[in-house]
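Here is how the chains run, residue by residue.
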Amino acid sequence: MRDLVEAARLARARAHAPYSKFFVGAAMRDEKGRVFSGCNIENAAYPQGWCAEPSAISALIMAGGTRITEVAVLGNGDALCTPCGGCRQKIREFAAGDVKIHCCTEAGALIRTFTLDELLPASFGPENLR
Ligand code: THU
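Draft legend 1. Geometry of the overall build of the chain. For the chain, the helix and strand inventory stands at four helices and five strands. Taken from the N to the C terminus, the helices and strands of the chain come in the order α-β-β-α-β-α-β-β-α. Considered along the principal axes of its C-alpha atoms, the chain spans approximately 40 × 35 × 30 Å. Looking at the chain as a whole, 42% of its 130 residues qualify as buried. Summed over its atoms, the accessible surface of the chain is roughly 6,700 Å², and 57% of this surface lies on carbon and sulfur atoms.

Draft legend 2. Representation of the site of the ligand. Surrounding the ligand, one finds Ser20, Phe22, Val24, Asn40, Glu42, Cys51, Ala52, Glu53, Thr82, Pro83 and Cys84. At 2.9 Å from an oxygen atom of the ligand is found a side-chain nitrogen or oxygen belonging to asparagine 40. Take glutamate 42: an N or O atom from its side chain is 2.5 Å from an oxygen atom of the ligand. Within the complex, the protein chains bury 76% of what would otherwise be the 380 Å² of accessible surface of the ligand.

Draft legend 3. Spatial organisation of unusual backbone geometry. In the Ramachandran plot, lysine 21 falls in the positive-phi region, its phi being about 60 degrees despite a non-glycine side chain. Exposure remark for lysine 21: the relative accessible area of 51% places this residue in the exposed category. Of note, alanine 122 is a non-glycine position whose phi angle comes to about 50 degrees, a positive value. Residue position: alanine 122 is located in the segment after α4 (116-119). Taking the relative accessible area as the measure of exposure, alanine 122 reaches 84% and is therefore exposed.

Draft legend 4. Summary view of the pattern of salt bridges. One pass over the full model with this rule turns up six salt bridges. Across the salt bridge formed by arginine 29 and aspartate 3, the nearest N and O atoms sit 2.9 Å from each other. Remark: aspartate 3 occurs in helix α1 (residues 2-12) and arginine 29 occurs in strand β1 (residues 25-30); sequence separation between them is 26 residues. With its nearest N and O atoms 3.5 Å apart, the salt bridge here joins glutamate 106 to arginine 12. Of this pair, glutamate 106 sits in the loop between β4 (100-104) and β5 (110-115) while arginine 12 sits in helix α1, placing them 94 residues apart in sequence. Here the residues in one salt-bridge network are Asp3, Arg29 and Glu70, joined through shared partners.

Draft legend 5. Layout of the sheet that holds strand β2 (residues 35-39). Spatial strand order, β2-β1-β3-β4-β5: five strands in an open sheet with mixed pairing. A single partner strand is all that each edge strand has here, and the edge strands are β2 and β5. Here the strands of the sheet are splayed against their neighbours by 20 degrees on average, with no regard to which way each runs. Each of β1, β2 and β3 (68-74) is contacted by helix α2 (residues 52-62), which is oriented at about 140 degrees to β2, the strand it contacts most.

The rules behind each value
- Residues numbered from 1 in each chain as written.
- Predicted model: local features only at pLDDT ≥ 70, side-chain atom pairs only at ≥ 80, totals over all residues.
- Heavy atoms only, no water.
- Helix = DSSP H or I, 4+ residues; strand = E, 2+ residues; numbered from the N terminus.
- Buried < 20%, exposed > 50% of the residue type's maximum accessible area, 1.4 Å probe, protein only.
- Areas by Shrake-Rupley, 256 points an atom, 1.4 Å probe, with all protein chains shown as cover.
- Near = heavy atom within 4 Å.
- Polar contact = N/O pair within 3.5 Å; in protein donor to acceptor, adjacent residues only side chain to side chain.
- Salt bridge = Lys/Arg side-chain N within 4 Å of Asp/Glu carboxyl O.
- Pairing = 2+ DSSP bridges.
- Axes fitted to C-alpha atoms, helices over the stretch in contact; angles between N-to-C directions.
- Contact = heavy atoms within 4.5 Å.

In structure tokens, the structure reads:
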């Protein structure tokens, strides 16, 4: 878990968040154990910005990963930074309900670990379309 949190912490340093000044880093482990990270990237046309989680998911998918097996997210300071609703659904596309989502402080200390099921109960996913 430490490697995942450290990757999220380093990714946060790359965040482009001049408008909210809320800097987020996310890291995801794939089914091969590889770690991918991403940051939030805001835009002067505010709605065009995006969260750290999809940045990390994009890196994972582009490297050939197909599943998310563990997640770490951290924002500003010591406040709990859970993935937003849209990000929970994006993670859901590639993750099982028991996947752990570690929410950490800016410095990388663990605040709380959730499962995806806890954050997105009774979710809609790919199985619903089979
Ligand atoms: N943000 C994320 O990157 N991930 C989340 O799950 C919550 C919110 C970003 C989006 C925006 O750039 C900033 O945090 C403030 O909402």
